[in-house]
Amino acid sequence: MAIHAEITPSILVQSNDQLSAMLARYQGFAKRLHFDISDGQFSPTVTIPEASLRWPANIQCNIHMMVVNPSMHLQTLLQLKPALVIFHAEAGEDLIPIFDKLHEEGIKAGVAIMKQTYPEDIEKYILAADHVMLFTGNLGQMGGTADLLQLEKVNLIRKISPQVEIGWDGGANMTSVRAILHAGVTVINVGAALATASDPEQVYRDLVAESEKKGVLF
């Protein structure tokens, strides 16, 4: 069965003007947007707060929360009603009650795991989540190189929860996107490769086409 990727522009901004510019940049072709929010503690970067987020009604919104205390942000997120909220397994709280609250409001719950985290160590989160995101980049930054060794975690996650959606965040570009998709990741968040492109729509289409090529990966 063919696997199809969702190439999702990733937005990390520090002002409302930057947010407006990025939304305009992806208007007309992006079907799903991935917003990075950071509290300056879990990640050294301070972004706009989640309360400042906005997005077109016809676009699916995912919010990636790089925060120490998820419960402090929960009420605002419930009011925003995005499609998906992703918290880090490495945050300072138990995520299960957070996931329960999201699900009560019809919002999907996701867990992000960094390089040092093994899927079997957070089995309860994977079982409770709708989405597991492999975070292989640098917190609060775009760019970098995709650490493809982290793709070994895909099969480990599937053994725990066969149907869970798996995402990728970190260094996805034309040289890595096909390997990421063919390993079983179906939501590929792309930051710098789109944010710095002179023609982001064409790069988006090229990434989709590259990810779906068959044959030798390298």
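Details of the structure are given in the entry above.
Residues numbered from 1 in each chain as written. Predicted model: local features only at pLDDT ≥ 70, side-chain atom pairs only at ≥ 80, totals over all residues. Heavy atoms only, no water.

Caption draft 1: Local environment of the pattern of salt bridges. Under the criterion given, the structure shown has eight salt bridges. A salt bridge links Glu-210 to Lys-213; its shortest N-O distance comes to 3.0 Å. Judged by relative accessible area, which is 42%, Lys-213 ranks as partly exposed. (Salt bridge = Lys/Arg side-chain N within 4 Å of Asp/Glu carboxyl O. Buried < 20%, exposed > 50% of the residue type's maximum accessible area, 1.4 Å probe, protein only.)

Caption draft 2: Examining the environment of Phe-99 more closely. When you line up the elements, Phe-99 lands in helix 3 (residues 96–104). As for Phe-99 and Gln-27, which are separated by 72 residues in sequence, their C-alpha atoms are 30 Å apart. With residues up to four places along the chain from it excluded, the contact list for Phe-99 reads Ala-109, Gly-110, Val-111, Tyr-125, Ala-128 and Ala-129. (Helix = DSSP H or I, 4+ residues; strand = E, 2+ residues; numbered from the N terminus. Contact = heavy atoms within 4.5 Å.)

Caption draft 3: Highlighting the pairing of strand 5 (residues 108–113). Burial within strand 5 is extensive, with five of its six residues counted as buried. As judged from the five bridges shared by strand 4 (residues 84–88) and strand 5, these two strands associate in the parallel manner. Each bridged residue has a counterpart across the sheet, and for Leu-84 the counterpart in strand 5 is Lys-108. One crossover worth recording links strand 4 to the parallel strand 5 by way of helix 3, and it is right-handed. (Pairing = 2+ DSSP bridges. Right-handed = clockwise from strand over helix to strand, strands pointing away.)

Such coordinate-based values are descriptive only and should not be taken to indicate function.
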